[in-house]
Amino acid sequence: IELITPSGRMELDPGIPFQVTWESMNLSGNEVNIYYSLNGGTNWLSIAYEAKDTASISWLVPEFKSNQNACVIKVEDVGNSEVFSENEDVFVILGVPLIELLYPIGGELFPANTSEVIQWRSSNLKEDVVQLLLSRDGGMMWDIIASDIPDVGIYDLVIPDITSTRTLFKIESP
């Protein structure tokens, strides 16, 4: 058995199917077990048990709050666990991106043309910038009001002149 993918220092996105591929010959049967490890191969979790040896399988990459930096995949012969292959270099499962708006949280009244500090917390974003969006209709439609904002958790916004009681703000990764 020779594991083909994942290879090298790949970064896999959480919650997205990834194609694990391998080549095999002269197995004791026509089935393989496929495992993944989050700690370089010390402990193993099952991806597929007694799967047909089809040379590939779609794996739904699991979701974690933070990056998992020492991941390994192993494909082994069901009939002989000493016949296996695992990736030589570890790969990374990226943590689930998170942005949480801390202020405003709802119910605030802001006079037009005044300055307010928008605050948020984020983790595992692919970009180092965020954008600020505004909805005047309770979230049905959104307009970008500031983009390429450094992801530092605060932004000083001059409140636009809006007459709506259904105005919402949201922060997102571009």
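Quick caveat, the model's predicted, so the values are computed rather than measured.

### Topic: the overall build of the protein
Across its full length, the protein holds 0 helices and 15 strands. Over its C-alpha trace the protein gives a radius of gyration of 24 Å, far above what one expects of a compact globule, namely 16 Å for 174 residues. Along the three orthogonal principal directions, the C-alpha set of the protein runs to about 75 × 25 × 20 Å. At a minimum sequence separation of 6, the contacts of the protein that also span at least 24 residues come to 62%. In the structure as shown, the protein presents an accessible area of about 10,200 Å², 49% of it carried by carbon and sulfur atoms. Within the protein, the 26 negative side-chain charges are centred at a point lying 7 Å from the centre of the 9 positive side-chain charges.

### Brief notes about the nonpolar core
With 19 residues, the main nonpolar core has Val 20, Trp 22, Ile 34, Trp 59, Ile 73 and Phe 91 as its most contacted residues. At the level of elements, β3 (17–23), β4 (31–37), β5 (45–52), β6 (56–60), β7 (68–77) and β9 (91–93) are the ones that each hand at least two residues to this core. Counting residues in each nonpolar core, the second largest holds 12 residues, with Trp 120, Leu 125, Leu 132 and Leu 157 among its members.

### Examining unusual backbone geometry
The amide bond that connects Thr 5 to the next residue, Pro 6, takes the cis arrangement and shows omega of 10 degrees. Here the phi dihedral of Asn 26 falls at roughly 55 degrees; this positive angle occurs in a residue that is not glycine. Inspection of the secondary structure assignment puts Asn 26 in the loop between β3 and β4. Looking at Asn 26, the relative accessible area reads 73%, which means it is exposed. Look at Asn 124: it is not a glycine, yet its phi comes out positive at around 60 degrees. Position of Asn 124 among the secondary structure elements: in the loop between β11 (115–123) and β12 (129–135).

### A closer look at the pattern of salt bridges
With the rule as written, the count across this model stands at 5 salt bridges. Between Lys 126 and Asp 13 there is a salt bridge; the shortest N-O distance is 2.6 Å. With Lys 126 in the loop between β11 and β12 and Asp 13 in the loop between β2 (11–12) and β3, this pair connects stretches of sequence that are 113 residues apart. For Lys 126, a relative accessible area of 59% corresponds to the exposed category. You can call Asp 13 partly exposed: its relative accessible area is 31%. With a closest N to O distance of 3.9 Å, Lys 170 and Glu 172 form a salt bridge.

### Thoughts on the side chain of Ser 85
The residue Ser 85 is located in strand β8 (residues 80–86) in this model. Here Ser 85 falls in the buried class, since its relative accessible area comes to 11%. Here the side chain of Ser 85 touches Leu 3 through a polar contact of 2.9 Å, landing on its backbone nitrogen. Beyond its immediate stretch of four places on either side in the chain, Ser 85 contacts Ile 1, Glu 2, Leu 3, Ile 73, Lys 74 and Val 75.

Basis of the calculations
- Residues numbered from 1 in each chain as written.
- Predicted model: local features only at pLDDT ≥ 70, side-chain atom pairs only at ≥ 80, totals over all residues.
- Heavy atoms only, no water.
- Helix = DSSP H or I, 4+ residues; strand = E, 2+ residues; numbered from the N terminus.
- Rg over C-alpha atoms; globule rule 2.2 N^0.38 Å.
- Contact = heavy atoms within 4.5 Å.
- Areas by Shrake-Rupley, 256 points an atom, 1.4 Å probe, with all protein chains shown as cover.
- Lys, Arg positive; Asp, Glu negative; His and termini not counted.
- Charge placed at Lys NZ, Arg CZ, Asp CG, Glu CD.
- Core = buried A, V, L, I, M, F, W, Y, C linked by side-chain atoms within 4.5 Å.
- Buried < 20%, exposed > 50% of the residue type's maximum accessible area, 1.4 Å probe, protein only.
- Salt bridge = Lys/Arg side-chain N within 4 Å of Asp/Glu carboxyl O.
- Polar contact = N/O pair within 3.5 Å; in protein donor to acceptor, adjacent residues only side chain to side chain.

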